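What follows is each chain in one-letter form.
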2 protein chains.
Amino acid sequence: MNDESGAMNARADSGDSSFIVHHSSFILHPSSFIVALAGGVGGAKLAYGLYRLLGERLAVVVNTGDDCEHWGLTVCPDLDTVMYNLAGINNPEFGWGLAGETQRALAMMQRYGGESWFGLGDGDLATHLLRTQRLRAGLNLTGVMFELRTALGITADLLPMSDQPVRTVVHTDEGVLPFQRYFVQRRCQPRLLGLEFDGMEGAQPSPQVLAALDQASAVVLCPSNPYLSLDPILLLPGLAQRLRAFAGPVVAVSPIVGGQAIKGPAAKIMAELGVEASALAVAKHIAGRIRLDGFVLDTVDAGLADAVAALGITPLVTDTIMRDAASKERLARDVLGLAEKIKPF
Amino acid sequence: MNDESGAMNARADSGDSSFIVHHSSFILHPSSFIVALAGGVGGAKLAYGLYRLLGERLAVVVNTGDDCEHWGLTVCPDLDTVMYNLAGINNPEFGWGLAGETQRALAMMQRYGGESWFGLGDGDLATHLLRTQRLRAGLNLTGVMFELRTALGITADLLPMSDQPVRTVVHTDEGVLPFQRYFVQRRCQPRLLGLEFDGMEGAQPSPQVLAALDQASAVVLCPSNPYLSLDPILLLPGLAQRLRAFAGPVVAVSPIVGGQAIKGPAAKIMAELGVEASALAVAKHIAGRIRLDGFVLDTVDAGLADAVAALGITPLVTDTIMRDAASKERLARDVLGLAEKIKPF
């Protein structure tokens, strides 16, 4: 790992200092290509940081388990969150949706007594309309997302994990709920008993995902919910095997910081599944799915670095809170630095 | 005709005074029921006036030749214009679309390089989304419009002329254009050579349209474009025959005033078809399709009243410009007064 900038992380003042990063001035080799796996908001933030560093030398493989049909349209929340973030047009406050979005269609839908629990924005509707129209015309989801992200000027690949529909279904103490019913309508309030991924058996990674992995120097698992966002990707038949066989470094960033999720229900879900909500548990979970070489912990979790190392995973302790473009890019640099330290590329 | 209000129309100072209306204080019999035939903006205005007088004792039969598929949605411009007008939520300036409408979806569609020549509004999209979803679920258009207009609190029947798709196709000096391409994208600029109504042979009036005519006391043809809006209705197999056999009075309001269309391309089209753009020509055109008993002319066309009468059609001269709710209601009252004068009901 290059370590020339040397600006000591101001928050890295607790715990074992041996894994603590001096912010990396990692310089990417011109031939290197990175595959990032991402879900929604947290994943999109790091994907944006990576995109600023890598441009077209990045492919983001995105969870499609959250996808749903709403108002007769095919909605892909995680893909769109990543796309809007990469295009720099996302709502900076929410992390998802478009900046300056309005909801007049929703208001009119409410007036009609139509379904109004899932608030698609007016500008956002264009994405779903165009996608649905192109899917009906016979394109697969990969082809549609290529058109959309290209039109928005995004040069990185934005790849659905699969072109076959996979739909996350949540088993709760209030019954079985389609993902967005659980996530949006019920705001993750029902107690989660288990997850099911409808269509997973018949699904496979798209040729584009496999091709991206073939040329990748490293794989980065973004700080996304390990159960809701990463598992659908990691459990996709053929993909976990492909990742285990991947020759380059595989590194992940913890979405759990100090026992809490930065955003979303990860900590709540882990507690409900009887798993301690900690960065260490996330590392263990991922390492149970694929080969994990490196793991990025927030400075507040520096005390967990030894335990991560004991799993045979190289820890890196740094500030993982992504407040702005600069901190997203900085974390991306640290993550790539860790990957290169593990296996130079 | 009752004529108790006696307020002489201030504009009715030219031409033969024998047909000039003293604004009618026509009082509707509780059992009477009116069927109005309408296209878009002009038709919607009179439909609104009739609705204020009649409430649930009104059925508006609307042209569907303008309907199209756009952004993967089934769009019914005339039906929606009438619906928004009856609900009092239309854009008062344009006559079509929703009041206070925004076009964020359109702006995003433009950003994607998608079709942006047909500017569906954000609130308006909810109508098309819901309609398309319900049509896909198996409802017919009549059933869908019943749901929509009921949700908006409209008590009058709002009836598509047919549940079978009829699509107006415009033959022009620039080639054959689907209606909205001609009307919206090309702003009626190409020279019209002729009209075709795709699907007309296989279409028929809905059972609800025929049932409305069965119970109707009178039929009112709203001031809509005779070629683009009324002809699709009047040429619908089985409907012109049914109207000819209709026992009650059939009256129409001229959309041409002083040789000009109040709105839209009616006058331009008539010129291109080699027909004099005049209220008289409109009366002749309609009388060539169905039995026409009465015809309402604007005061500026008072000079045409004798010629209308010579066709065996009872003329009525009044102020036909509908500026506001009061003038729409007043014209509706005059029109019903004319019908009742012809054949009391």
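The following paragraphs examine the structure supplied in this document. Only a predicted model underlies this, so the values are computations on that prediction, with no experimental measurement involved. (Residues numbered from 1 in each chain as written. Chains lettered and ligands numbered in written order. Predicted model: local features only at pLDDT ≥ 70, side-chain atom pairs only at ≥ 80, totals over all residues. Heavy atoms only, no water.)

The subject of this paragraph is the sheet that holds strand β14 (residues 314-318) of chain B. All names here are of chain B. In spatial order, the strands read β5-β2-β1-β9-β10-β13-β14; together these 7 strands make up an open sheet with parallel pairing. One side of each edge strand has no neighbouring strand; the edge strands of this open sheet are β5 (157-160) and β14. For this sheet, the mean inter-axis angle between neighbouring strands, taken without regard to orientation, is 20 degrees. Lying over the sheet, helix α8 (residues 226-234) contacts β1 (34-38), β2 (58-62) and β9 (218-221), oriented at roughly 125 degrees with respect to β1. Where helix α13 (residues 325-342) meets the sheet, it contacts β1, β9, β10 (250-253), β13 (294-298) and β14, and its direction lies at approximately 155 degrees from that of β14. (Pairing = 2+ DSSP bridges. Helix = DSSP H or I, 4+ residues; strand = E, 2+ residues; numbered from the N terminus. Axes fitted to C-alpha atoms, helices over the stretch in contact; angles between N-to-C directions. Contact = heavy atoms within 4.5 Å.)

Each side of the interface is counted separately: chain A has 29 residues, and chain B has 29 residues. When residues of chain A are sorted by the area they lose upon contact with chain B, Arg104(A), Tyr112(A) and Leu129(A) head the list and together hold 27% of the total. Counting across the chain A and chain B interface gives 2 salt bridges. Across the pair Arg104(B) and Glu101(A) runs a salt bridge whose closest N-O atoms are separated by 3.0 Å. Linking chain A to chain B there are 6 residue pairs in polar contact (both at pLDDT 80 or more). Those elements giving two or more residues to the side of chain A that touches chain B turn out to be α2 (77-87), α3 (104-111), α4 (122-136) and α5 (141-151) of chain A. If one sorts the elements of the side of chain A that touches chain B by residue count, α4(A) sits on top with 9 residues. (Buried area = accessible area lost by both parts, 1.4 Å probe. Salt bridge = Lys/Arg side-chain N within 4 Å of Asp/Glu carboxyl O. Polar contact = N/O pair within 3.5 Å; in protein donor to acceptor, adjacent residues only side chain to side chain.)

Further remarks concern the state of the cysteines. What the rule picks out here adds up to 0 disulfides over all chains. Summary of cysteine pairing: Cys68(A) is not part of a disulfide, and the nearest cysteine sulfur, belonging to Cys76(A), is at 8.3 Å. Accessibility expressed as a relative area gives 13% for Cys68(A), which makes it buried. Residue Cys222(B) stays outside any disulfide, its sulfur separated by 18 Å from that of Cys76(B), the closest cysteine. (Disulfide = S-S within 2.5 Å. Buried < 20%, exposed > 50% of the residue type's maximum accessible area, 1.4 Å probe, protein only.)

All names here are of chain A. Among the structural elements, Asp67 can be located in the loop between β2 (58-62) and β3 (68-70). Among buried charged residues, Asp67 stands out as having no salt bridge; its nearest opposite-charge side chain is Arg167, 4.2 Å away. For Asp67, the residues in contact, after removing those within four places along its chain, are Val75, Cys76, Pro77, Leu141 and Arg167. (Lys, Arg positive; Asp, Glu negative; His and termini not counted.)

Glancing now at the nonpolar core. Counting residues in each nonpolar core, the largest one holds 120 residues, and the members touching the most others are Leu46(A) and Leu46(B). Residues in contact with Leu46(B), not counting those within four places in the same chain, are Val220(B), Cys222(B), Pro223(B), Val253(B), Met322(B), Lys328(B), Leu331(B), Ala332(B) and Val335(B). (Core = buried A, V, L, I, M, F, W, Y, C linked by side-chain atoms within 4.5 Å.)

Another aspect to go through is the pattern of salt bridges. All names here are of chain A. Across all of its chains, the model carries 30 salt bridges over all chains by this definition. Asp231 is the salt-bridge partner of Arg289, the closest N and O atoms lying 2.8 Å from each other. Placement of Arg289 in helix α11 (residues 279-289) and of Asp231 in helix α8 (residues 226-234) is noted, with a sequence separation of 58 residues between them. Arg289 gets classed as partly exposed once you look at its relative accessible area, which sits at 24%. We classify Asp231 as buried; its relative accessible area is 3%.

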